[in-house]
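Given next are the chains, with one letter for each unit.
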Amino acid sequence: PDPNSVKEAAVKSLSVARETTSSLSSNLYREVKGLTSSELEQVMLKATRPDDTPVKGKHAERLVGVTYQISSRYDIYDAVLRKLWAKMAEKDWRTTIKALYILHRFSADGSPEHAAALKARVRELRRTRDPKRKEKFFSSKILLAGDNKPETEKFRSFMGRYAHYVLIRAQCFGGMFDEIAEPPTSKDKKKKSAPKPITSTSLRAENLEAAKLLLKAGTACYLKPGEECENTALAVERVASDLIGLSSAVAMALNRALKDDDIKGADPALIKKWCEFYSEELAPQTRAMVKKTTPKLDAFGLFLPSRMGATVSPDLIQKGLKLEEVDSTAAKADDAEVEEEEEGEEAPAKEDEAKEEEKSVEANEDADEGGVATKQDEATAGDEDELDEEEEELDEYEYEEDEEYYDDEDEV
């Protein structure tokens, strides 16, 4: 035989033997560790085995069930997330996607009492640097840094999109989107305070932006040709169920706001944006996702709900879209009423001022007339005195003439 051929065959045999030995050693180490670890660590190891078998329901339920057994006063997610991150950082994409699926289940099915802690812990870890791997926790660079075999390229492509979706969901929403669906409850039942407007609680702007991001990431998880397998199908089934839940949660909040007129103090422009998002993006894209995904999931024995859950009627959608116009019209009407009230209040004051002016004018006229009359009386009195004086002078004059006349007669 050709020496080169023998050499190549020997090198290839050694390489295969080394890979086989490494794989056997790894699996043996995993099994030994499973026997010596605690019960939850054993379940974690079994659930994230690097094989084509998807995560079993009993394993996922056992892990998630811990959140219902431990009080919310204790932080259980720091250790859990660090273990999941260690699994995600492994080279085999099947272990990575299984760890992502378990995180997805913690976010969707975990106890509501621990939901806030999970969101906060994921955000904190994503800003923290992993000292072992020299990158931040849940870094996409580490998640996609596994084996680059051609036969796994398409699966890894889907895994990248799914990882993006799971991390957004885990740090923005808990349960079946209770942040939007459920009305806020007061922590202190003894203190009775006025309820906050719905645009400050369920339908606030932060939830709208997060819902838009989640919808975009969720619809991107549609299975492309060549990406179908049991692990990817199980992941897509959870994504489609999430989108149905998100659509139902938004519908419940909008129905509560528009049907029950729970819009006192709310921002009409923000409610309009929610109505536009639900009617133009969320509901139609969710239906399209379910329609396209259902046939592919049926092949793996996975089934989606046949109904979308709660919906919003077209009449209520139109009401929400026109709410801003109604609010502006009502504001104008209120302004008009205020102006009328102010005018009504000013009218009596103006009438009083007019009456006072009339009185003052009359008083001035009376004063002027009194002054003229006084002057006329004085003038008249003066004229009468002058006439009296003239008459007296005339009388004196006549008397003197008569007197002289009679004196002359006497003389005669």
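Residues numbered from 1 in each chain as written. Predicted model: local features only at pLDDT ≥ 70, side-chain atom pairs only at ≥ 80, totals over all residues. Heavy atoms only, no water.

## Side note on the environment of methionine 252
No. 1: Residue position: methionine 252 is located in helix 11 (residues 230–258).
No. 2: Look at methionine 252 and you get partly exposed, because its relative accessible area is 36%.
No. 3: With 58 residues separating them along the chain, methionine 252 and alanine 310 place their C-alpha atoms 6.3 Å apart.
No. 4: If sequence neighbours within four positions are ignored, methionine 252 has contacts with Ala181 and Ala310. (Helix = DSSP H or I, 4+ residues; strand = E, 2+ residues; numbered from the N terminus. Buried < 20%, exposed > 50% of the residue type's maximum accessible area, 1.4 Å probe, protein only. Contact = heavy atoms within 4.5 Å.)

## Description of the pattern of salt bridges
No. 1: Across all of its chains, the model carries 19 salt bridges by this definition.
No. 2: Aspartate 75 is the salt-bridge partner of arginine 121, the closest N and O atoms lying 2.3 Å from each other. Here the residue arginine 121 occupies a position in helix 6 (residues 115–126), and aspartate 75 occupies one in the loop between helix 3 (57–69) and helix 4 (77–88), the gap between them amounting to 46 residues.
No. 3: Residue arginine 121 is classed as buried on the basis of its relative accessible area, which comes to 18%. (Salt bridge = Lys/Arg side-chain N within 4 Å of Asp/Glu carboxyl O.)

## Brief notes about the confidence of the model for the protein chain
No. 1: Mean pLDDT over the protein chain works out to 80, with 69% of the residues at or above the 70 mark.
No. 2: Looking at the elements of the protein chain, mean pLDDT is at its lowest for helix 14 (residues 323–411), recorded as 53, and at its highest for helix 10 (residues 205–219), recorded as 97.
No. 3: The low-confidence segment residues 31–36 (pLDDT under 50) makes 5 contacts with residues lying over four places distant or belonging to another chain.
No. 4: Long-range and interchain partners of residues 390–412, a stretch whose pLDDT sits below 50, account for 0 contacts in this model, where long-range means more than four residues apart. (pLDDT = per-residue confidence, 0-100.)

## Examining the packing of helix 4 against helix 5 (residues 93–109)
No. 1: The geometry of helix 4 relative to helix 5 is characterised by a closest axis approach of 7 Å and an angle of 155° between their N-to-C directions. In terms of axis orientation, helix 4 runs roughly antiparallel to helix 5. The handedness of the crossing between helix 4 and helix 5 is left-handed. Across from Tyr77, Val80, Leu81, Leu84, Lys87 and Met88 in helix 4, the residues of helix 5 making contact are Thr95, Thr96, Ala99, Leu100, Ile102, Leu103 and Phe106.
No. 2: Looking at the contact of helix 4 with helix 5, its residues break down into 10 nonpolar, 2 polar and 1 charged. (Axes fitted to C-alpha atoms, helices over the stretch in contact; angles between N-to-C directions. Parallel < 35°, antiparallel > 145°, perpendicular 65-115°, else oblique. Left-handed = near helix turned anticlockwise from the far one by under 90°. Nonpolar A, V, L, I, M, F, W, Y, C, P; charged D, E, K, R; others polar.)

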